[in-house]
Structures are given as C-alpha cells and as structure tokens.
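One-letter residues, chain by chain:
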Amino acid sequence: MMKVKNIYVSICLALLTLVSCQQDDVYTGPCSVRFRARVQQERVVSRANGGYADIDASHPSFTAGLFVHTTNGGNNYVTPSTLEWNSEKQSLTTSLKLEQGVYTIYGYMPYNNSTTFDAAARVMTIPDLPGMSASNAMVIKPVEVEVNNGDESVDINLQMDHLMARVTPYFYINDAEYAALRTIKIKKVEFIHPNTAYTATVAYATDGSATHTTTWEKGTDIASEVTIYEETESPVALGQGKGNAIAHSTCYFCPDMEISGLKMRVTYDVYDAKGNLTRPDAVAENSIKKVSGKLTEATNYKLYIPLIPSYLYVLSDGDLDVMVIE
C-alpha cells in the first residue's frame, strides 16, 4: 500500500542589494505630451485627440496640474489649470484658454490641488507625495508659448521629468534540485513600509531654462501597503538562477526615503513536476536584507529576489501522485 507523505516546504524570500541599472534600462513613461491650448477667440473644442499626444492607450489615464505664468500688460499672474489623458478614449482634455501674449507653462503629475507655484521665485511646491507608490510622480519642464491675435489654437509640447526612483523586483528560484521538482508561480507582490509623506520643492532656473532642482521635506509618518503586481488568471512560472529572473511590475520611491524598513509580501502557487497544483495561495513575508547606497531620482534599480526553500525533501517517483503539502 502506498504511503501518503506530509511534507512541509517553506519559502524564504531574501532581498538582495539594490543594483542600479546603468546600461540597457531606459527610464520610460508618459514623458512627452502634446496638447492644443485654446485661445479666447477659439472656434474649436478643448479636446485634442490621440493624434496630438505622444502617448497611447497603453499609458494609464492621468490628470496633470498646470501653472500658466504670464506678465501680459505688465501684470505678473499665474493661472492654474489641469490636463487629463483618457487612455480608453485616447483623448487629451484641458480647460486652458489664453489671450494674446507670451506664456510660460509649468506643471506636475499626478494632480494635487494643494500644489502651489511662486511665479517670482519660479518655485513649485508639491505636498503629500507618498514615499512609496505604484505610480510615478513627475515634474513638467517649463515651456514658452506665444499666442497671437487671431490664433484659434496653439500646439504645445510638454516634457516631463521623473521625480521618483523606480525599483523593479526580479524573482527566481536559486535551488536547481527544487526547481526540477516544483514550479512556483507568483500571483501577487505587495510592498509594505512604515511610509512617510513628503513635500517636493521644485526650483526652476531663473533664466527660464528647463533645468530644475528638487528638495524633499519629510512629513507625517503613515503606514503604507502597495500592490505592485497581481495576476491570478495566468501567472508566469519562475525560472532557475539569477540569469532567468522574471520581473514583476515596478514600484516608485521618494529618493530621500530610508527604505531599510521595507517589507515584501508575496502570494504564490506551487506545482509538482506533473503540473498538479499542490500548494495554492501560499504567502511569504520578509524584510529587506541589504541596501547599497542611496536611491536617486529618475534612476532605475533592479531588486533581485531568490526564492529559497528552507527545507527540501526529495520524493521517490512512487510518492509524487499522492504527495500532500501542508
């Protein structure tokens, strides 16, 4: 009679050194958006279709805040506005309406109605940015636009700089013997941190150029959990060895934040060599182990994470069909 064996296998997730990507990893994103600003005598609608945008349906919908600065008539004033990208309709919408004159447009995303802009100092202050987020924060470079009498619309190209550091976790199985017997598919990845909200102060160059510097000020401590990956229908099986590591989405960090308190929770399924699901919805949670240096904004980082079985029992062929994992 075949004997049923009860085997306990635990998975240890060890976070290794954060490694900056210096070669092939280009920091991509919705970094260039062209929209059509209305002038006061407009006879066109305020929505620009996808043809005016260097983004497409793959970019999620977002709302950006704009500050339009002018000195028309000797009066120095700033008009706040918004810019919305709808990924489903592939449309760009703005309520901006301009009279004749020369304007400089500044901005930021995601939209925050508490953001302020000091026109005299060319300083934008963005409060309550999360230290850790599933989405990036960006600052829009200033662009000058001239509106002439009789113009119905003006094309404006906005370029965005990344404020956050981007971290991509790469998972792999580091035990060749275990990988030969089991298949692990990750279903959910969550980052957990005793997070802090930050205020970003963006100082643009006084000569009107696109350069800027950003300083960060810590705010209130807040607990934070961010789900960066979730795929329950068709999760991908992990490979063996670091060279076969699989990326699972990304997370964004304020470059000034201490991330030594970072934890990660992973939900995964385990299959045997015949493809049978033997351990569904297993959960492992671990703290970060080592951090190298300090994160910097607009920089990619890879986080390599080996899945390490703390105990491995090699079953005989006759046991595979009746194995139970608890």
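What you see is a predicted model, and the numbers here were worked out from it, not measured in a lab.

Undergrad: Mind showing me how you'd approach the overall build of the protein chain here?
TA: A count of helices and strands for the protein chain gives one helix and 26 strands. Counting the 326 residues in the protein chain, one finds 47% classified as buried. Excluding contacts between residues fewer than 6 apart, the proportion of contacts in the protein chain whose partners are at least 24 apart in sequence is 77%. Approximately 15900 Å² of the protein chain is accessible, and the part contributed by carbon and sulfur atoms is 45%.

Undergrad: I would appreciate a short explanation of the packing of aromatic side chains in the present structure.
TA: Each aromatic ring pair is described using two quantities: the centre-to-centre distance and the angle formed by the ring planes. Applying the stated criterion to the full structure yields nine aromatic pairs. Taken together, a centroid distance of 5.6 Å and an interplanar angle of 20° make the contact between Phe67 and Phe117 stacked. Highlighted residues: Phe67 in strand β6 (residues 62-70) and Phe117 in strand β11 (residues 116-118), separated in sequence by 50 residues. The exposure class assigned to Phe117 is buried, which follows from its relative accessible area of 12%. Seen from their ring centres, Tyr106 and Phe117 are 4.5 Å apart, and the 35° between their planes marks the pair as tilted. Remark: Phe117 occurs in strand β11 and Tyr106 occurs in strand β10 (residues 101-109); sequence separation between them is 11 residues. By the ring-pair criterion, three or more aromatic residues cluster together here, those being Phe67, Tyr106, Tyr108, Tyr111, Phe117 and Tyr204. Across the ring face of Tyr304, the terminal group of Lys242 is positioned such that the distance to the ring centre comes to 4.4 Å.

Undergrad: What is the right way to look at the pattern of salt bridges in this model?
TA: For side chains bearing opposite charge, pairing can occur when the charged atoms are close. Enumeration over the complete set of coordinates arrives at eight salt bridges. Put simply, Lys187 and Asp269 hold a salt bridge, and the shortest N to O gap is 3.3 Å. A residue pair is termed long-range when its members are at least 10 positions apart, and Lys187 in strand β17 (residues 182-193) and Asp269 in strand β23 (residues 263-272) qualify at 82 residues. Note on accessibility: Lys187 and Asp269 belong to one class, buried. In this structure, Glu230 engages Lys188 in a salt bridge whose closest nitrogen and oxygen atoms are separated by 4.0 Å.

Undergrad: What exactly am I supposed to notice about the side chain of Thr94 here?
TA: Here Thr94 lies in strand β8 (residues 91-94). There is a polar contact of 3.0 Å between the side chain of Thr94 and the backbone oxygen of Thr82.

Undergrad: Sorry, what's going on with the sheet that holds strand β19 (residues 212-221) here?
TA: Consider a sheet: its strands pair through backbone hydrogen bonds, and that pairing is either parallel or antiparallel. Sheet architecture is open: four strands sit in the order β11-β12-β18-β19, paired in antiparallel fashion. Looking at strand neighbours, the two that pair on one side only are β11 and β19, the edges of this open sheet. Going across the sheet, the axis of each strand differs from the next one's by a mean of 20°, ignoring polarity. Of the pairings in the sheet, the one linking β11 to strand β12 (residues 123-130) comprises three bridges and is antiparallel in character. From the neighbouring strand, Thr116 faces β12, where its bridge partner is Thr125.

Undergrad: Mind showing me how you'd approach the sheet that holds strand β20 (residues 224-230) here?
TA: Read across the sheet, four strands follow the order β20-β17-β23-β24 without closing on themselves; strand pairing throughout is antiparallel. Looking along the sheet, the strands with just one partner apiece sit at the ends: β20 and β24 (277-287). Shown here is a sheet whose adjacent strand axes are inclined to one another by a mean of 20°, direction ignored. Bridge count for β17 against β23 is 10 bridges, and the pairing is antiparallel. If you follow Ile186 over to β23, its bridge partner there is Tyr268.

Undergrad: Explain unusual backbone geometry to me, please; I cannot follow it from the model alone.
TA: Both trends apply: most residues other than glycine have a negative phi, and most peptide bonds are in trans. Residue Pro110 follows Met109 across a cis peptide bond; omega there is 0°. Residue placement: Pro110 occurs in the loop between β10 and β11. Positioned with a positive phi, Ser249 is a non-glycine residue whose angle comes to about 60°. When you line up the elements, Ser249 lands in the loop between β21 (246-247) and β22 (251-253).

Undergrad: Which parts of the structure should I look at to understand the pairing of β8?
TA: Working note: regular strand, side chains alternate between the two faces of the sheet. As judged from the four bridges shared by strand β7 (residues 77-86) and β8, these two strands associate in the antiparallel manner. Note on β8: the bridge partner recorded for Leu83 is Thr94. Counting the residues that bridge the hairpin from β7 to β8 gives four residues, and of these Gln90 lies at a positive phi of roughly 50°.

Undergrad: What am I meant to see in the environment of Val202 here?
TA: Note on placement: Val202 falls in strand β18 (residues 196-204). Judged by its relative accessible area of 0%, Val202 is buried. Considered as a pair, Val202 and Thr214 are 12 residues apart in the sequence and their alpha carbons are 4.5 Å apart.

Undergrad: When you look at the nonpolar core in this model, what are you seeing that I'm missing?
TA: One broad trend across soluble globular proteins is that nonpolar side chains are buried collectively. Residues Met124, Phe171, Phe191 and Phe253 are the most contacted members of the largest nonpolar core, which totals 50 residues. Apart from the residues within four sequence positions on either side, Phe171 is in contact with Ile186, Val189, Leu238, Ala245, Ile246, His248, Met264, Val266, Ile305 and Leu307.

Thresholds applied
Residues numbered from 1 in each chain as written. Predicted model: local features only at pLDDT ≥ 70, side-chain atom pairs only at ≥ 80, totals over all residues. Heavy atoms only, no water. Helix = DSSP H or I, 4+ residues; strand = E, 2+ residues; numbered from the N terminus. Buried < 20%, exposed > 50% of the residue type's maximum accessible area, 1.4 Å probe, protein only. Contact = heavy atoms within 4.5 Å. Areas by Shrake-Rupley, 256 points an atom, 1.4 Å probe, with all protein chains shown as cover. Phe/Tyr/Trp six-rings, centres within 6.5 Å; stacked < 30°, edge-to-face > 60°. Lys NZ or Arg CZ within 6 Å of the ring centre and 35° of its normal. Salt bridge = Lys/Arg side-chain N within 4 Å of Asp/Glu carboxyl O. Polar contact = N/O pair within 3.5 Å; in protein donor to acceptor, adjacent residues only side chain to side chain. Pairing = 2+ DSSP bridges. Axes fitted to C-alpha atoms, helices over the stretch in contact; angles between N-to-C directions. Core = buried A, V, L, I, M, F, W, Y, C linked by side-chain atoms within 4.5 Å.

Keep in mind these numbers describe shape, not what the thing actually does.
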